[in-house]
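So you can see what is in the structure, the chains are spelled out below.
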Amino acid sequence: MKIVKLWYIFSMLIFGVVNSVHATSSVWKVSNGKSSLYLGGTVHVLMADDYPLPAEFDQAYALADTLVLETDMAKLESPQFQQAMLRQLSYSEGQNLTQHLTPETYELLTAYCESRGIGMQVINNFKPSMISLMLTMIELQRLNFTGMGVDKYYNDKAIADAKPLGKLETVEEQLAFIASMGKGKEDALIRYSLEDIKTLPTFMQEMKVAWRNGDPQALVDLAITPLIKDFPDIYQSLLVQRNNNWLPQIEAMFSNQQTELILVGTLHLVGKDGLLQRLEAAGYKISQL
């Protein structure tokens, strides 16, 4: 989900309620004494050589009756949603990017786009949130992050296995969170994105290692703390608000007869507002696989 880093944070969108020294994966078992479910932190974009995934993901998947993802992957990938996304993340007639950026920032963005062979006429009608996403995808592709993400992998596996699928939010709700990103701070969003590109290779490697090892504190230090410092509004809308929406749904799952594996962006699990710490505070037993 990154602001290049903000978008990667959104895509990672884990806190340590357990000691990271003995961490083994980004998968946790959550129990209330009578029933249990599994929470897995995911990365939405990976390299081909990131497979196979940590074995704990397959272990939790095998134990689960139902797979629950952030949203409906089929709808997310549909032409209808892509068109809706373009409409919502584009300016209406009579507006364009130059009206929302300072000349200095627009010049920096132009220089970057020219270095990547992108004409400004292609992006002038897009809002900064969409442009930040585009910058991210361009750089991720340059870094060979073109493999299937964790969510997509298990979504396809569940379909092949005829395992029931659930979701925590609609694609429309997810799009609304993306569209609101950086609203009122468009200039800062673009400048932050352009700066983050410079350190993206190192950042990505450190984040991926922390995720694969299930190192909660490293993920907090790398992503959560900077996000709160630089963009507290985005932290609230992309992480806290969505966690608030998801928590009652997750707790309700303990009252049914099924065992769920819930896969969400890994940063949704971490920090003082993360799902793991909040569930533990509510009395649930948390153990890391």
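Please read all numbers here as calculations on a predicted model, not as lab measurements.

Trainee: Give me the confidence of the model for the protein chain: which residues, what numbers.
Mentor: The predicted coordinates of low-pLDDT regions are not to be read in fine detail. For the protein chain, per-residue confidence averages 87 on the pLDDT scale, and residues scoring 70 or more make up 92% of the total. Predicted confidence in the protein chain is weakest over helix H1 (residues 4–12), with a mean pLDDT of 45, and strongest over strand E4 (residues 66–69), with 98. Taken together, the stretch residues 1–23 has pLDDT below 50 and engages in 114 contacts with residues farther than four places along the chain or on a different chain.

Trainee: Describe in detail unusual backbone geometry, supporting the description with residues and values.
Mentor: At the junction of Tyr51 and Pro52, the peptide bond is cis and its omega measures out at 5° in the coordinates. Residue placement: Pro52 occurs in the loop between strand E3 (45–46) and helix H2 (55–63). Residues other than glycine seldom take positive phi values, yet Asn144 does so here, at roughly 70°. Turning to its location among the elements, Asn144 is positioned in the loop between helix H7 (128–142) and strand E5 (147–148). Here the phi dihedral of Ala162 falls at roughly 55°; this positive angle occurs in a residue that is not glycine. Its relative accessible area of 66% is what places Ala162 among the exposed residues.

Trainee: Please provide a residue-by-residue account of the environment of Leu219, values included.
Mentor: By the element assignment, Leu219 lies in helix H12 (residues 216–230). Residue class for Leu219 comes out buried when judged on its relative accessible area of 0%. Along the sequence, Leu219 and Thr266 sit 47 residues apart, while their C-alpha atoms lie 8.8 Å from each other.

Trainee: How would you explain the environment of Ser180 if you had to name every residue and give the values?
Mentor: Among the secondary structure elements, Ser180 is positioned in the loop between helix H9 (171–179) and helix H10 (186–197). Between the alpha carbons of Ser180 and Ser237 there is a distance of 8.2 Å; along the sequence they are 57 residues apart. In terms of polar contacts, Ser180 uses its side chain to reach the backbone carbonyl oxygen of Phe177, at 2.9 Å.

Trainee: Could you give an account of the side chain of Asp50, naming the residues involved and the relevant values?
Mentor: Here Asp50 is to be found in the loop between E3 and H2. For Asp50, the side chain forms a polar contact with the main-chain nitrogen of Met47, separated by 2.7 Å. A polar contact is formed between the side chain of Asp50 and the side chain of Lys208, at a distance of 3.0 Å. Leave out the neighbours within four places in its chain, and Asp50 touches Lys208 and Arg212.

Trainee: Describe the sheet that holds strand E7 (residues 260–265), with residues and values.
Mentor: Strand order in the open sheet formed by 6 strands is E6-E4-E7-E2-E1-E8, with mixed pairing between adjacent strands. Here the strands that pair on one side only, and so sit at the sheet edges, are strand E6 (165–167) and strand E8 (285–288). Adjacent strand axes in the sheet meet at a mean angle of 25°, parallel and antiparallel pairs treated alike. As judged from the 5 bridges shared by strand E1 (residues 27–31) and strand E2 (residues 36–42), these two strands associate in the antiparallel manner. Of the residues in E2, the one forming a bridge with Val30 is Leu37. Strand contacts of helix H8 (residues 150–160): E2, E4, E6 and E7, with the helix running at about 145° to E4, the strand carrying the most contacts.

Trainee: Requested: an account of the pattern of salt bridges, with residues and values cited.
Mentor: Close approach of charged atoms allows side chains of opposite charge to pair. Under the criterion given, the structure shown has 13 salt bridges. In this structure, the salt-bridge partner of Lys208 is Asp50, at a minimum N-O distance of 3.0 Å. Pair noted here: Lys208 is in helix H11 (residues 200–213) and Asp50 is in the loop between E3 and H2, with a separation of 158 residues, a long-range link. A relative accessible area of 7% means that Asp50 is categorised as buried. Of the charged contacts, one joins Arg142 and Glu139 as a salt bridge, the two residues approaching to 3.4 Å between their closest N and O atoms.

Rules used in this analysis
Residues numbered from 1 in each chain as written. Predicted model: local features only at pLDDT ≥ 70, side-chain atom pairs only at ≥ 80, totals over all residues. Heavy atoms only, no water. pLDDT = per-residue confidence, 0-100. Helix = DSSP H or I, 4+ residues; strand = E, 2+ residues; numbered from the N terminus. Contact = heavy atoms within 4.5 Å. Buried < 20%, exposed > 50% of the residue type's maximum accessible area, 1.4 Å probe, protein only. Polar contact = N/O pair within 3.5 Å; in protein donor to acceptor, adjacent residues only side chain to side chain. Pairing = 2+ DSSP bridges. Axes fitted to C-alpha atoms, helices over the stretch in contact; angles between N-to-C directions. Salt bridge = Lys/Arg side-chain N within 4 Å of Asp/Glu carboxyl O.

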